Amino acid sequence: MENYRIFDSELDKLAHKVKQMCTQVNQQLIDVVIALKKGDLILANAVVKNDHAINNLDVKIDKLCQKIFALQQPVASDLRYIISALKINNDLERIGDHACNIAKRIEPLQDYQQLVEDLKIDSIGLKTTDLFGDVVELVNTHDLKFANQVMNKAELIKDECEQIGSSILSEMMHQSEVVVVAANILIIINLFERVASYSTNIAESIIFVVNGEIVKHKKHIENN
Amino acid sequence: MILEKIHTENMYLYYSGKMALKDISIQIPEKKVTAFIGPSGCGKSTFLRSLNRMNDLIDGVKIEGKVMIDAINIYDKNIDVVNLRKKVGMVFQKSNPFAKSIYENIAYGPKINGINNKNQLDEIVETALKNAAIWDEVKDRLGDSALGLSGGQQQRLCIARTLAVNPEIVLMDEPASALDPLSTAKIEELIVQLKEKYTIVIVTHNMQQAARISDNTAFFYLGELIEYDKTKKIFTNPERKQTEDYITGRFG
């Protein structure tokens, strides 16, 4: 029989805030990808404005973790959970920043929607939001098998970003008039690649919560 | 290389026919701190006391299996229990200095063992008090009553008294549970220093203490050894659910 601990209400509060952070970041990513696809500057502006709410939540989660460490001295699975919550929170905040940075680069692309489409930027955006949807589910389920699937998916996106990056460089070499806009697109691609990388980090943190294994910096085994 | 100092094999202990320890097999390394944790009544203190045959003093205690120290079964008939307890010293929860001077508390054991030379005794007293990290606090008042010392100082005096007969193993049964945080910190620091020379086995209810000072931790429950591993492993990712539930306070 398990005892209810005062500590559990703090952990519940932390879990709730991390999920809230996931939901807010997810919405930011979805919105920025729509704004990018449609060239919607109003939506892009809203994404920039909403970033402060994510930053506020980031600070709240940090403070709550600090309080739990100081007052509850967590061990074992509790300790792993709180360490991971801190790291996941940090990764989420960075993803939020990247959504905001992408939003800021939509305006210069206004007259180049065809190039955006040709280079499959919106497609990579959709794949990234799909990946992040999986991350949100993973944070809720703590499913190890799913964590590996998320990491595999992130890997594919990162590879694709690299390929698109090479295509953009090639465009820049051949069409000097698109250098400025292509540079913006290159940065956006790089930001999507970073979102995929942070998604990998979050999956690694979930693996650490579940079985204590530190998998970062290890090339994960395909189809594991 | 880590040498094994104590090991038990399929050890059972009964109090008047009632099983208190069940099938305990454990290897305790030399010059390390090994902590025993578990809820009250789990058998951890009983097991600790069986390592220097303190349970012999209780009627109706029966032990089966092997309790080996330096590869010798300490329950063999030809074992001299007095010599065993010199080799395996013990410090208790409540400090218990004799109503004598600080000096006499330390010199008592060596005197009983036949050392009467004043210079030799002075040296033993000084070394023991230094090793127990209390020399600087008492060196100018060795003739004063030990009962005038604070609780934390009395406990360190008792540790010095144990060290004075030159043991190889020191068993500690909740040595800091009655002390304030500052005295507790001094005892913990002392334990970590002592492992350079001695094998330390400590029973504690304070899990943070076990985590801070021990190299290995054994978790006991209902007379059984549930899990024994490196302390770092026990407190970050224990193998057994019972251990996890106990150290995280989820035990019902």
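Refer to the preceding data block for the structure.
Residues numbered from 1 in each chain as written. Chains lettered and ligands numbered in written order. Predicted model: local features only at pLDDT ≥ 70, side-chain atom pairs only at ≥ 80, totals over all residues. Heavy atoms only, no water.

The number of helices and strands found in chain B is 10 helices and 10 strands. Relative to a compact globule of 252 residues, whose C-alpha radius of gyration would be 18 Å, chain B shows 18 Å and is just as compact. The buried share of chain B, taken over its 252 residues, is 52%. Counting contacts in chain B only where the partners sit at least 6 residues apart, residues at least 24 apart contribute 66% of the total. Roughly 11,700 Å² of accessible area belongs to chain B as shown, and the carbon and sulfur atoms make up 50% of that amount. When the 33 basic and 32 acidic side-chain charges of chain B are each reduced to a single mean position, those positions are 1 Å apart. (Helix = DSSP H or I, 4+ residues; strand = E, 2+ residues; numbered from the N terminus. Rg over C-alpha atoms; globule rule 2.2 N^0.38 Å. Buried < 20%, exposed > 50% of the residue type's maximum accessible area, 1.4 Å probe, protein only. Contact = heavy atoms within 4.5 Å. Areas by Shrake-Rupley, 256 points an atom, 1.4 Å probe, with all protein chains shown as cover. Lys, Arg positive; Asp, Glu negative; His and termini not counted. Charge placed at Lys NZ, Arg CZ, Asp CG, Glu CD.)

Bringing the pairing of strand S9 (residues 216–221) of chain B into the picture now. Residues and elements named next belong to chain B. Taking burial as the measure, the six residues of S9 include five buried ones, the bulk of the element. Bridging between S9 and strand S10 (residues 224–230) involves six bridges; their strand directions are antiparallel. When the sheet's bridge partners are listed, Thr217 is paired in S10 with Asp229. The loop that links S9 with its antiparallel partner S10 comprises two residues; one of these, Leu222, has a positive phi angle of about 50°. (Pairing = 2+ DSSP bridges.)

Here the focus is the sheet that holds strand S4 (residues 61–69) of chain B. Residues and elements named next belong to chain B. Reading across the sheet, the four strands line up as S2-S1-S4-S5 and stay open at both edges, with antiparallel pairing between neighbours. Because the sheet does not close on itself, it has two edges, and the strands there are strand S2 (18–29) and strand S5 (72–73). Across eight bridges, strand S1 (residues 4–15) lies against S4 in antiparallel orientation. Pairing of His7 across the sheet is with Met68, part of S4.

All names here are of chain A. In the contact formed by helix H1 (residues 6–38) and helix H3 (residues 76–104), the axes pass within 9 Å of each other and the chain directions differ by 20°. Put simply, H1 runs roughly parallel to H3. For the element pair H1 and H3, the recorded crossing hand is left-handed. (Axes fitted to C-alpha atoms, helices over the stretch in contact; angles between N-to-C directions. Parallel < 35°, antiparallel > 145°, perpendicular 65-115°, else oblique. Left-handed = near helix turned anticlockwise from the far one by under 90°.)

Residues and elements named next belong to chain A. Locating Asn26 in the fold gives a position in helix H1. What makes Asn26 buried here is its relative accessible area of 17%. Excluding its chain neighbours within four sequence positions, the residues that come into contact with Asn26 are Thr129, Phe132, Gly133 and Val136.

Now for the interface of chain A and chain B. Contacts between chain A and chain B engage 13 residues on the former and 14 residues on the latter. Between chain A and chain B the total buried area reaches about 1,200 Å² when both faces are included, carbon and sulfur atoms providing 42% of it. Seen at the junction of chain A and chain B, the total is one salt bridge. The salt bridge partner of Asp78 of chain A is Arg250 of chain B, with a shortest N-O separation of 2.8 Å. For the pair chain A and chain B, the interface holds six residue pairs in polar contact (both at pLDDT 80 or more). For the side of chain A that touches chain B, the element with the highest residue contribution is H3 of chain A, accounting for five residues. (Buried area = accessible area lost by both parts, 1.4 Å probe. Salt bridge = Lys/Arg side-chain N within 4 Å of Asp/Glu carboxyl O. Polar contact = N/O pair within 3.5 Å; in protein donor to acceptor, adjacent residues only side chain to side chain.)

Next up on the list: the pattern of salt bridges. The final tally for this structure, using the stated rule, is 26 salt bridges over all chains. In this structure, Glu155 of chain A and Lys158 of chain A form a salt bridge, with 3.7 Å as the shortest nitrogen-oxygen distance. Highlighted residues: Glu155 of chain A and Lys158 of chain A, both in helix H6 (residues 144–174), separated by three residues, approximately one helical turn. Taken together, the shared-partner salt bridges connect Lys5, Asp70, Lys87 and Glu168 of chain B into one network.

Now for unusual backbone geometry. Comment: phi is negative for the bulk of residues other than glycine, and the bulk of peptide bonds are trans. All names here are of chain B. Phi is positive for Asp23, which is not a glycine, with a value near 50°. Looking at the element boundaries, Asp23 is found in strand S2. The phi dihedral of Ala133 falls on the positive side, at around 55°, and the residue is not glycine. With respect to the element layout, Ala133 can be found in the loop between helix H4 (118–131) and helix H5 (135–138). Assessed through its relative accessible area of 36%, Ala133 is described here as partly exposed.

What follows covers the packing of aromatic side chains. All names here are of chain B. Applying the stated rule across the entire model yields seven aromatic pairs over all chains. Ring centres 6.5 Å apart and planes at 10° place the aromatic pair Phe219 and Tyr221 in the stacked group. Using a relative accessible area of 0% as the deciding quantity, one classes Phe219 as buried. Ring centres of Phe219 and Tyr246 lie 5.1 Å apart, and the angle between their planes is 25°; this geometry places the pair in the stacked category. Within this pair, whereas Phe219 is found in strand S9, its partner Tyr246 is found in helix H10 (residues 241–247), the two being separated by 27 residues in sequence. (Phe/Tyr/Trp six-rings, centres within 6.5 Å; stacked < 30°, edge-to-face > 60°.)

Okay, the sheet that holds strand S8 (residues 199–203) of chain B next. Residues and elements named next belong to chain B. Spatially, the six strands line up as an open sheet ordered S6-S7-S8-S3-S9-S10, and their pairing is mixed. Each edge of the sheet is formed by a strand with only one pairing partner; in this case those strands are strand S6 (88–91) and S10. Averaged over all neighbouring strand pairs, the angle between strand axes comes to 20°, with direction disregarded. For S6 and strand S7 (residues 169–173), the ladder comprises four bridges, and the chain directions are parallel. Bridge pairing in S7 places Val91 opposite Met172. Running over the sheet, helix H6 (residues 151–163) touches S6 and S7 and is turned about 170° from S6. Contacting strand S3 (33–37), S7 and S8, helix H7 (residues 181–194) crosses the sheet at an angle of about 145° to S8.

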